[in-house]
Amino acid sequence: MSVSGGDGSETAPSDMIFGPILEDGVFRFDCSVEHRKAAFPSVSFKNSKDREVPIPSHIVPAFTPTYSLLEEQQVVTFQFSPGTSFYGTGEVGGQLERTGKRVFTWNTDAWGYGPGTTSLYQSHPWVLVVLPTGETLGVLADTTRKCEIDLRKEGVIRIISPPSYPIITFGPFSTPTAVLQSLSHAVGTVFMPPKWALGYHQCRWSYMSGKRVAEIAQTFRDKKIPSDVIWMDIDYMDGFRCFTFDKERFPDPSALAKHLHNNGFKAIWMLDPGIKQEEGFDVYDSGSKNNVWVKGADGEPFIGEVWPGPCVFPDYTNSKARSWWANLVKDFISNGVDGIWNDMNEPAVFKVVTKTMPENNIHRGDDELGGVQYHSHYHNVYGMLMARSTYEGMELADKNKRPFVLTRAGFIGSQRYAATWTGDNLSTWEHLHMSISMVLQLGLSGQPLSGPDIGGFAGNATPRLFGRWMGVGAMFPFCRGHSEAGTDDHEPWSFGEECEEVCRAALKRRYQLLPHFYTLFYIAHTTGAPVATPIFFADPKDSRLRTIENAFLLGSLLIQASTLSNQGSHELQPIMPRGTWLRFDFEDSHPDLPTLYLQGGSIIALGPPHLHVGESSLSDDLTLLVSLDENGKAVGLLFEDDGDGYGYTEGRYLITHYIAERQSSVVTVKILKTEGEWERPKRRIHVQLLLGGGAMLDAWGMDGETIQIKMPSESEVSALISTSNERFALHMENTKLIPEKEVLHGQKGMELSREPVELNSGDWKLNIVPWIGGRILSMTHVPSGVQWLHSRIEMNGYEEYSGTEYRSAGCTEEYNVIERDLEQAGEDESLILEGDVGGGLVLRRKIAIPKDNPRVVQIASSIEARSVGAGSGGFSRLVCLRVHPTFCLMHPTESFVSFTSIDGTKHEVWPDSGEQLYEGNNLPHGEWMLVDKSLNLGLVNRFDVSQVFKCVVHWDCGTVNLELWSEDRPVSKESPLKIEHEYEVASFS
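Residues numbered from 1 in each chain as written. Predicted model: local features only at pLDDT ≥ 70, side-chain atom pairs only at ≥ 80, totals over all residues. Heavy atoms only, no water.

Q: Can you walk me through the UniProt feature "domain: Glycosyl hydrolase family 31 C-terminal" (unreviewed entry) in the protein in this structure?
A: Here, UniProt's "domain: Glycosyl hydrolase family 31 C-terminal" (unreviewed entry) annotation points to residues 528-604. Strand forms 29% of residues 528-604 and helix 0%; the C-alpha atoms that close the span are 20 Å apart. (UniProt positions renumbered as here; feature names shortened; annotations may be inferred. Helix = DSSP H or I, 4+ residues; strand = E, 2+ residues; numbered from the N terminus.)

In structure tokens form, the structure reads like this:
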């Protein structure tokens, strides 16, 4: 099959051939009949044959993509009119509306990712296209291979991946919900979660003993903070061996589980794919006997290093391996395990530049998945197939309980088996803001059960950041707090009384809303409708709503949050969908909690604020929150069942359709119809009729009876609304934001939530943390959207040392901001920092984005003598200025360092070369470049050769250091050491 022009140039674009599949409005496109026959089976479709079988239809596609072939790649292009908006693309950082962005589907262990990171933990080669009219189309590139989705040009989708793969389109349909429902008919709906899984989850890397776990659980109950689940991270294991327990710290997991269950908690335990290579370890021996491991190119089991050390990896593409794993899970469940957390399943591998296993590893896949293939074919579905195996193992363990699996890696269709979270985020306001869009994008890509690590995984949240994040996170579909080893405690009570009270109120809100959440998940499970959506879903035609990132919908409930540190939710000037939206609260309003609105024409059900799901019962009082539309009507439904098991599939449930109607001055609330075999429980109904401004009217009755509310006169209603608004304003005025934690002078550590200094001018956006090493924490090239550098707070990023030793003085000291110039009046935007590195020396650094050349960022650094003793003749100790930036590799196998040395030799330095040192005539001649062939971009670093005596290239796990070293000598006041250099991004075809 020809895949490019004879000279390697791109072939002329041609229309793709198409055929209707699945249902009306769904089309499969291929480059040709030959390409159609060559395409691999679908792994995303729940029934792969549905993609292969044409259906009779008189409908023709509204949009036909073109294709071309270029250098072993199939390039597919869609063109839409101006004003079209793009969403989806799965788990991605950055903005909600995706125009201007480019992502690569390649599951990646992406600790501390940023808005410009192009590959995260999951792959969803899917774009939701909202046309200017509000009509919506879905585009799926049905390939498991690495896939570039380029949305940088308005109205254009460009998809690039190895041939041959089909494009599946859904619609256009009248609403985005209709598109997602159609998508679910192909890739499946979310599994029905047990009701307890919608409660609050508390996690930590790690609670180091069963005793500590029990203490955490008891503190929740003592402080009356609602919670349902405690999580066990990897340290519960014996030496990180999966399916084992540390005999000293977790001596009796069944007894711990029983204790938790008696206290109303479930227990979730981690399982990673890496199995310790150790003869005598029964899991390793069993897997070897059953020949279930992924093979290397040599045909022997691949060995990669992860937490336990050298590991082998189950080949989940093979049904024999999946069955083997499922039976291990089945036995593991007998320890009282309620849910399983699959982590590190991209799969992540340590000590290799790609952060994963080699692409030429061999999988012995089932024929229906694609047969025997290299890892490059199955990489993106490895995590999903692991989650499937885990889910099936839980099913084997107890057919009367619904499995609960959380997976880090996934693919479109993973929602059939597992929930997900947004990975190793940071304790920053930027990541709080970004978490909303990330949850929404996953929902718009078929995965409704997701949420972030509330408070941020890496770094220390402040009280205000944690409380604000809990306020928003309590409204996400999946609600879990989690934090990294080495950080402060991040439980809801860890940040002082004010934050604790806000967290308690936020979680009480969630638990009162659980009947609504559970109903939304039943609808999602049975119809494919999303759970959390952007607010433009209320009116897809309204272009004002398409870029709103601090609000979202849960059905007819609108959540409006502030993600700015110094702005409370009551200070927002929200852009709202048209129509009636009535504010309400639970008498818990606080500036750090989101504002809630209910859409006119809606009824939602609320329950009591129990401490855990097990406390609830069908006889609990039920509250109906009613918001009438302009015609005086409202409807809503409530789904109820046992909260677990599969009785709901056999009629053992109750769906109640409630209706409210206003006639004259009376509002009548009653049952319109019911579904299911369950009898209606005897319980009281509390109707709260929203009037606006938080005002409401109350009425009580028995469920099943007609309840009537007499409406006051218009003037009385206006007075109630006015009084409620005044009371709300006064309450908010007298309620202060949660205080930020005071950071002591000189304190080092992981205070990510202190505001970094930002340089944002021209082509560059930089974040600098003066309080620890003067480190450049992130470095984003704005035109390309690429974040070339992002780092931990305490190491990596851009740092400098004062000696030849790695991490010598200079990288951890607190720096003082000497001068800060914002871009104005033609001046450069710049920052000057100084840090005391001891012995009378300072390390001084000026970072600038020049006004006359905004494409570059300049860094001028020096080690200067300030108070060197006279006894030394005015000279310091021996010092070396060592510039040590750690750049991120978006595509490690397609990245290299290029330069011409002083003697004219051309060099290409690739990751497999390890560490390389250049000096003398081998030194780059004033310039070297980090090239990313996938992005067609290079990061150029220019420097003064007279100041640089040595250059070092050091490849590491997903990163590369491009180091500049000065000479090694003493300095005096008259003879500082200097290195002046700059960065610029170059593009090439």
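The rest of the description comes next.
Q: Even after reading the chapter, I still don't get the confidence of the model for the protein, so can you show me in this structure?
A: Parts of the model with low pLDDT should not have their predicted coordinates read in detail. Residue-level pLDDT values for the protein average 94, and 97% of them are 70 or greater. Ignoring residues within four places in sequence, the model shows residues 742-753, a span with pLDDT below 50, making 36 contacts including any to other chains. (pLDDT = per-residue confidence, 0-100. Contact = heavy atoms within 4.5 Å.)

Q: Where do I start with the layout of surface pockets in this structure?
A: Empty space left among the atoms is revealed by rolling a probe the size of a water molecule over them. Approximately 900 Å³ is the volume attributed to the second largest pocket. As for the second largest pocket, its lining consists of 38 residues, and the residues nearest its centre are Pro115, Glu430, Glu758, Lys765 and Asn767. At the level of elements, helix 8 (429-443), strand 43 (764-769), strand 44 (775-781) and strand 45 (786-790) are the ones that each hand at least two residues to the lining of the second largest pocket. Considering each element in turn, the lining of the second largest pocket owes the most residues, five residues, to helix 8. Split into classes, the residues belonging to the lining of the second largest pocket amount to eleven nonpolar, 20 polar and seven charged. (1 Å grid on protein atoms, 1.4 Å probe; cavity = no way out; pocket = protein on both sides within 12 Å on 5 of 7 lines; lining within 4 Å. Points joined across faces, edges and corners; volume = space filled by probe spheres on them. Nonpolar A, V, L, I, M, F, W, Y, C, P; charged D, E, K, R; others polar.)

Q: Sorry, what's going on with the sheet that holds strand 49 (residues 841-849) here?
A: For sheets, the rule is that strands pair by backbone hydrogen bonds, running either parallel or antiparallel. On the basis of which strands lie adjacent, the open sheet formed by nine strands has the order 47-48-49-50-59-56-55-52-53 and antiparallel pairing. Both edges of this open sheet fall to strand 47 (815-821) and strand 53 (906-909), since each of them pairs with a single strand only. Adjacent strand axes in the sheet meet at a mean angle of 15 degrees, parallel and antiparallel pairs treated alike. Alignment of strand 56 (residues 937-943) against strand 59 (residues 977-987), held across seven bridges, turns out to be antiparallel. Note that in strand 59 the partner of Arg942 across the bridge is Glu982. (Pairing = 2+ DSSP bridges. Axes fitted to C-alpha atoms, helices over the stretch in contact; angles between N-to-C directions.)

Q: Which parts of the structure should I look at to understand the domain arrangement of the protein?
A: By a widespread convention, an interface's size corresponds to the accessible area lost as its parts come together. Examined at the domain level, the protein breaks down into domain 1 (14-187), domain 2 (199-273 + 315-519), domain 3 (527-734) and domain 4 (757-987). Computed from C-alpha atoms alone, the centre-to-centre distance between domain 1 and domain 3 is 36 Å. Between domain 1 and domain 3, the residue contacts involve 17 residues of the former and 13 residues of the latter. Interface of domain 1 and domain 3: buried area, both sides summed, is about 1200 Å²; carbon and sulfur atoms make up 63% of it. Joining domain 1 to domain 3, the criterion identifies zero salt bridges. If you look at where domain 1 meets domain 3, you find seven residue pairs in polar contact (both at pLDDT 80 or more). Mapped by element, the contributors of at least two residues to the side of domain 1 that touches domain 3 are strand 6 (85-88) and helix 2 (176-187). At six residues, helix 2 tops the list of elements feeding residues into the side of domain 1 that touches domain 3. (Domains from an automatic or database assignment. Buried area = accessible area lost by both parts, 1.4 Å probe. Salt bridge = Lys/Arg side-chain N within 4 Å of Asp/Glu carboxyl O. Polar contact = N/O pair within 3.5 Å; in protein donor to acceptor, adjacent residues only side chain to side chain.)

Q: Whenever I open this one, helix 4 (residues 253-262) confuses me. Can you help?
A: An α-helical segment advances 3.6 residues per turn. Residues three or four places apart therefore align on the same side. Among all positions of helix 4, only Pro253, Leu256, Ala257 and Leu260 are buried. Buried residues of helix 4, viewed axially, fall in a sector of 100 degrees; they line one side. Across helix 4 from its buried face, at more than 90 degrees, point the exposed residues Lys258 and Asn262. Packing partners of the buried residues in helix 4 comprise helix 3 (210-222), strand 15 (229-232) and strand 16 (266-271). Of the residues one or two after helix 4, Gly264 is the one with positive phi, at around 85 degrees. (Buried < 20%, exposed > 50% of the residue type's maximum accessible area, 1.4 Å probe, protein only. Arc of directions from axis to C-beta.)

Q: What am I meant to see in the pattern of salt bridges here?
A: When the charged atoms of two side chains with opposite charge come close together, those side chains can pair. The tally for this structure, following the rule as stated, stands at 50 salt bridges. A salt bridge links Glu52 to Arg28; the nearest nitrogen and oxygen atoms lie 3.0 Å apart. Residue Glu52 is located in the loop between helix 1 (33-38) and strand 4 (66-70), and its partner Arg28 is located in strand 3 (residues 26-30); the two are separated by 24 residues in the primary sequence. The exposure class assigned to Glu52 is partly exposed, which follows from its relative accessible area of 36%. As a salt-bridge pair, Glu305 and Lys351 come within 2.9 Å of each other at their nearest N and O atoms. Residue Glu305 is located in strand 18 (residues 304-306), and its partner Lys351 is located in the loop between strand 20 (339-342) and strand 21 (362-364); the two are separated by 46 residues in the primary sequence. Note on Glu305: relative accessible area 27%, which makes it partly exposed.

Q: Help me out: how do you make sense of the sheet that holds strand 1 (residues 14-15) in this one?
A: The strand order 1-4-5-12-11-7 describes an open sheet built from six strands, whose pairing is antiparallel. Two strands in the sheet have a free side with no partner beyond their single neighbour: strand 1 and strand 7 (102-105). The sheet contact formed by strand 11 (residues 147-150) and strand 12 (residues 156-161) spans three bridges and is antiparallel. Paired with Ile149 across the bridge in strand 12 is Ile159.

Q: How do you make sense of the pairing of strand 11 when you look at a structure like this?
A: Burial along strand 11 is two-sided: Cys147 and Ile149 facing one way and Glu148 and Asp150 facing the other are all buried. Two elements, strand 7 and strand 11, share four bridges in a ladder whose sense is antiparallel. Of the residues in strand 11, the one forming a bridge with Arg102 is Asp150. In sequence, strand 11 turns back onto strand 12 through a hairpin of five residues, with Gly155 there showing a positive phi of about 75 degrees.

Q: Hey, could you run me through the packing of aromatic side chains in this one?
A: Aromatic rings in a pair are described by how distant their centres are and how their planes are angled relative to each other. Tallied over the entire structure, the rule returns 53 aromatic pairs. On the basis of an interplanar angle of 35 degrees and a centroid distance of 5.9 Å, the ring pair of Phe639 and Tyr653 is categorised as tilted. Taken as a pair, Phe639 in strand 36 (residues 633-640) and Tyr653 in the loop between strand 36 and strand 37 (654-663) lie far apart in primary sequence, 14 residues in all. Just as Phe639 is buried, Tyr653 falls in that class too. On the basis of an interplanar angle of 25 degrees and a centroid distance of 4.6 Å, the ring pair of Phe896 and Trp910 is categorised as stacked. Within this pair, whereas Phe896 is found in strand 52 (residues 895-900), its partner Trp910 is found in the loop between strand 53 and strand 54 (915-918), the two being separated by 14 residues in sequence. The class for Trp910 is partly exposed, based on a relative accessible area of 26%. Here the aromatic residues Tyr236, Phe243, Phe245, Phe250, Trp269, Tyr284, Trp293, Tyr316, Trp324, Trp325, Phe332 and Tyr382 are joined through ring pairs into a cluster of three or more. Stacked on the ring of Trp421, the Lys or Arg Arg480 has its end atom at 5.0 Å from the ring centre. (Phe/Tyr/Trp six-rings, centres within 6.5 Å; stacked < 30°, edge-to-face > 60°. Lys NZ or Arg CZ within 6 Å of the ring centre and 35° of its normal.)

Q: Just to check I follow, could you spell out the environment of Ala561 for this structure?
A: Topologically, Ala561 is positioned in the loop between strand 31 (557-560) and strand 32 (581-584). For Ala561, a relative accessible area of 1% corresponds to the buried category. In sequence terms Ala561 and Gly471 are 90 residues apart; their C-alpha atoms lie 8.3 Å from each other. Those residues in contact with Ala561 that sit more than four places away from it in its chain are Val472, Asn550, Leu572 and Pro594.

Q: What's the story with the side chain of His363 in this structure? I'm lost.
A: Among the structural elements, His363 can be located in strand 21. Apart from the residues lying within four places of it in its own chain, the contact partners of His363 are Val294, Asp315, Thr317, Met357, Gly371, Val372, Gln373, Tyr374, His375, Tyr378 and Tyr382.

Q: Whenever I open this one, the UniProt feature "domain: Glycoside hydrolase family 31 TIM barrel" (unreviewed entry) in the protein confuses me. Can you help?
A: As recorded in UniProt, the sites labelled "domain: Glycoside hydrolase family 31 TIM barrel" (unreviewed entry) are residues 191-520. Helix makes up 36% of residues 191-520 and strand 14%. Its end C-alpha atoms lie 13 Å apart.

Q: What should I look at first to understand helix 6 (residues 319-333) in this one?
A: With 15 residues, helix 6 ought to run about 21 Å at 1.5 Å a step, and its terminal C-alpha atoms sit 21 Å apart, in line with that. When helix 6 is considered as a whole, its buried residues turn out to be Ala321, Arg322, Trp324, Trp325, Ala326, Leu328, Val329, Phe332 and Ile333. The N-cap residue of helix 6 is Asn318: its side-chain oxygen and the backbone nitrogen of Lys320 are 2.9 Å apart. (Expected span 1.5 Å × (residues − 1).)

Q: I'm lost on unusual backbone geometry in this one. Help?
A: Working note: non-glycine residues mostly have negative phi, and peptide bonds are mostly trans. In this model, Gly171 is joined to Pro172 through a cis peptide bond whose omega is 10 degrees. The residue Pro172 is located in strand 13 (residues 167-173) in this model. One non-glycine residue, Lys355, lies in positive phi territory at about 65 degrees. On the secondary structure map, Lys355 appears in the loop between strand 20 and strand 21. Positive phi is not limited to glycine here, since Ser664 has a value of about 60 degrees.

Q: Would you take a moment to explain the pairing of strand 20 for this structure?
A: When a strand is regular, its side chains alternate between the sheet's two faces. Both faces of strand 20 are covered, namely the face carrying Gly339 and Trp341 and the face carrying Ile340 and Asn342. Sheet topology places strand 16 next to strand 20; four bridges connect them, and they run parallel. When the sheet's bridge partners are listed, Ile268 is paired in strand 20 with Gly339. Where strand 20 and strand 23 (residues 405-407) come together, three bridges link them in parallel fashion. Bridged to Asn342 within strand 23 is Thr407.

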